[in-house]
Amino acid sequence: MSRNSRLLSVRMRASRDGRHVSGAEGLYSEPLAVRMVGRYAERALTHGLGRPDEVVITLEALEVKPEEIPALRVTTLQNEEPRRGRQMAERLLAGCGIGTQGMRTAWNFIGRRHGLRGGILLDTEGVRLDPNLERGVRVSRMGISRRAERDLSRMLAAFDWDHQTVREALVLASKVHAHPKVVAELCVSDDPDYTTGYVASRRLGYVRIPHLKKEGSRRGGRAFFIGVTDVPGVLEYLERTPVIVTSLKGCLGLLTEDAIPDLFTEG
Ligand code: PML
């Protein structure tokens, strides 16, 4: 395989006093991977959440060709305040079959200072399924092709949503929901300056909710709701199977809460 055709997973994790500060990753051809090491180092050292005392950058040659997947369809719901945003998130999760207790467990996890870098796996009633409660689940080994990233930037720019945070979260969610056992996901950023979160599922797509938390809060995280069978298989997929986004499923733009029922039928 030539230097240009083999893909590498490049991952950056930055921490301070053992606590996660920032992270990023992608799949790149070898020449680009070399350039990304520098870019990720710079990004880690200039991150708004604080100066890390340790930055670990990993380059790993992929043993298998990444699975090609489409990005989830993108929507943003109009919202001005966290209480309303939370109600919208719950309507979306309920439509995916998540029970009240499942939602409560997810919000409790997201609302506490858990110090986990990744997310947690829950069944639809909120029973924790990932085996290592201290570590959680780190979705990894995903990326986007250069062409798909260009198209994605163009698509998001039409709505003024073309930001790295959005693109990266969409790639992660697209990997997660390409697995048939994943039912839904709730994500709130732990960045105190970033208040948009999302609910995602294969049917709904990637549904962004602005002002899902109060500005200034460091609380956040991801809860993945999955079916109860083959948890090790899902875990292996999320953490280790390489996946690359090579196409898009489009964007429905900015919608009001009234459009929520349509999101379930237009998938
Ligand atoms: C994160 O901090 O990485 C999570 C971001 C979630 C929302 C991204 C978006 O605006 O779509």
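What counts, and at which threshold
Residues numbered from 1 in each chain as written. Predicted model: local features only at pLDDT ≥ 70, side-chain atom pairs only at ≥ 80, totals over all residues. Heavy atoms only, no water. Helix = DSSP H or I, 4+ residues; strand = E, 2+ residues; numbered from the N terminus. Rg over C-alpha atoms; globule rule 2.2 N^0.38 Å. Buried < 20%, exposed > 50% of the residue type's maximum accessible area, 1.4 Å probe, protein only. Contact = heavy atoms within 4.5 Å. Patch = residues over 30% accessible without salt bridge, like charges linked within 9 Å, V, L, I, M, F, W, Y side chains within 5 Å. Areas by Shrake-Rupley, 256 points an atom, 1.4 Å probe, with all protein chains shown as cover. Salt bridge = Lys/Arg side-chain N within 4 Å of Asp/Glu carboxyl O. Lys, Arg positive; Asp, Glu negative; His and termini not counted. Charge placed at Lys NZ, Arg CZ, Asp CG, Glu CD. Pairing = 2+ DSSP bridges. Axes fitted to C-alpha atoms, helices over the stretch in contact; angles between N-to-C directions. Near = heavy atom within 4 Å. Polar contact = N/O pair within 3.5 Å; in protein donor to acceptor, adjacent residues only side chain to side chain. Nonpolar A, V, L, I, M, F, W, Y, C, P; charged D, E, K, R; others polar. Phe/Tyr/Trp six-rings, centres within 6.5 Å; stacked < 30°, edge-to-face > 60°. Lys NZ or Arg CZ within 6 Å of the ring centre and 35° of its normal.

Draft legend 1. Summary view of the overall build of the protein. Along the backbone of the protein there are 7 helices and 13 strands. At 18 Å, the protein has a C-alpha radius of gyration in line with the 18 Å of a compact globule built from 267 residues. Projected onto its principal axes, the C-alpha positions of the protein cover 50 × 40 × 40 Å. Counting over 267 residues, the protein shows a buried share of 49%. Within the protein, contacts between residues at least 6 apart in sequence are counted, and of these 71% link residues at least 24 apart.

Draft legend 2. Here's a closer look at a positive patch on the surface. Together, Arg35, Arg39, Arg146, Arg147 and Arg150 make up a positively charged patch on the protein surface. Looking at the positive patch, the element that brings in the most residues is helix H4 (residues 146-157), giving 3 residues. Looking at where arginine 39 falls in the secondary structure, it is placed in helix H1 (residues 30-45).

Draft legend 3. Quick look at unusual backbone geometry. Positive phi, normally seen in glycine, also occurs at aspartate 160, with a value near 65°. With respect to the element layout, aspartate 160 can be found in the loop between H4 and helix H5 (164-177). With relative accessibility at 62%, the residue aspartate 160 sits in the exposed group. A positive phi angle is found at aspartate 230, which is not glycine, with a value near 55°. Mapped onto the secondary structure, aspartate 230 falls in the loop between strand S11 (221-226) and helix H6 (231-240).

Draft legend 4. Up close: the pattern of salt bridges. Evaluated as defined, the whole model comprises 15 salt bridges. Of the charged contacts in the structure, one is a salt bridge between glutamate 60 and arginine 11, with a shortest N-O distance of 3.3 Å. Of this pair, glutamate 60 sits in strand S3 (residues 54-61) while arginine 11 is found in strand S1 (residues 7-16), placing the two residues 49 residues apart along the sequence. A salt bridge links glutamate 68 to lysine 65; the shortest N-O distance between them is 3.9 Å. What makes lysine 65 exposed here is its relative accessible area of 68%. Here the residues in one salt-bridge network are Arg11, Glu60 and Arg141, joined through shared partners.

Draft legend 5. Just the sheet that holds strand S6 (residues 119-122), in detail. One open sheet holds the 7 strands; their spatial order is S6-S11-S8-S9-S10-S5-S13, and the pairing between them is mixed. Each edge of the open sheet is held by one strand with a lone partner, namely S6 and strand S13 (251-255). The sheet shows a mean angle of 15° between the axes of neighbouring strands, taken without regard to direction. Strand direction decides the pairing type here: strand S8 (residues 182-188) and strand S9 (residues 197-201), joined by 4 bridges, are antiparallel. Each bridged residue has a counterpart across the sheet, and for cysteine 187 the counterpart in S9 is tyrosine 198. Docked against the sheet, helix H3 (residues 100-110) engages S6, S8 and S11, running at close to 155° with respect to S11. Running over the sheet, H5 touches strand S5 (74-77), S8, S9, strand S10 (205-209) and S11 and is turned about 160° from S8.

Draft legend 6. Region of interest: the site of the ligand. Surveying the vicinity of the ligand reveals the residues Thr165, Val166, Ala169, Cys187, Ser189, Tyr194, Thr196, Tyr198, Tyr206, Arg208 and Arg222. Here an oxygen atom of the ligand and a side-chain polar atom of tyrosine 194 are 2.5 Å apart. Contact between the ligand and arginine 208: an oxygen atom at 2.8 Å from a side-chain N or O atom of the residue. When isolated, the ligand has an accessible area of 340 Å², and the protein chains bury 86% of it. Within the residue set of the shell around the ligand, elements represented by two or more residues are H5 and S10. No other element matches H5, which puts 3 residues into the shell around the ligand. Of the residues contributing to the shell around the ligand, the split by class is 6 nonpolar, 3 polar and 2 charged.

Draft legend 7. Seen up close, the packing of aromatic side chains. If you walk through the whole model with that rule in mind, you get 2 aromatic pairs. When the ring of tyrosine 198 is compared with that of tyrosine 206, the centres are 4.4 Å apart and the planes differ by 40°; the resulting orientation is tilted. Residue tyrosine 206 is classed as buried on the basis of its relative accessible area, which comes to 3%. Positioned above the aromatic ring of tyrosine 237 is the side chain of lysine 175, whose terminal nitrogen or guanidinium carbon lies 5.1 Å from the ring centre.

Draft legend 8. Seen up close, the environment of aspartate 17. Tracing the backbone shows aspartate 17 in the loop between S1 and strand S2 (19-29). Residue class for aspartate 17 comes out exposed when judged on its relative accessible area of 65%. Along the backbone, aspartate 17 and glutamate 54 are 37 residues apart, and their C-alpha atoms lie at a distance of 8.5 Å.

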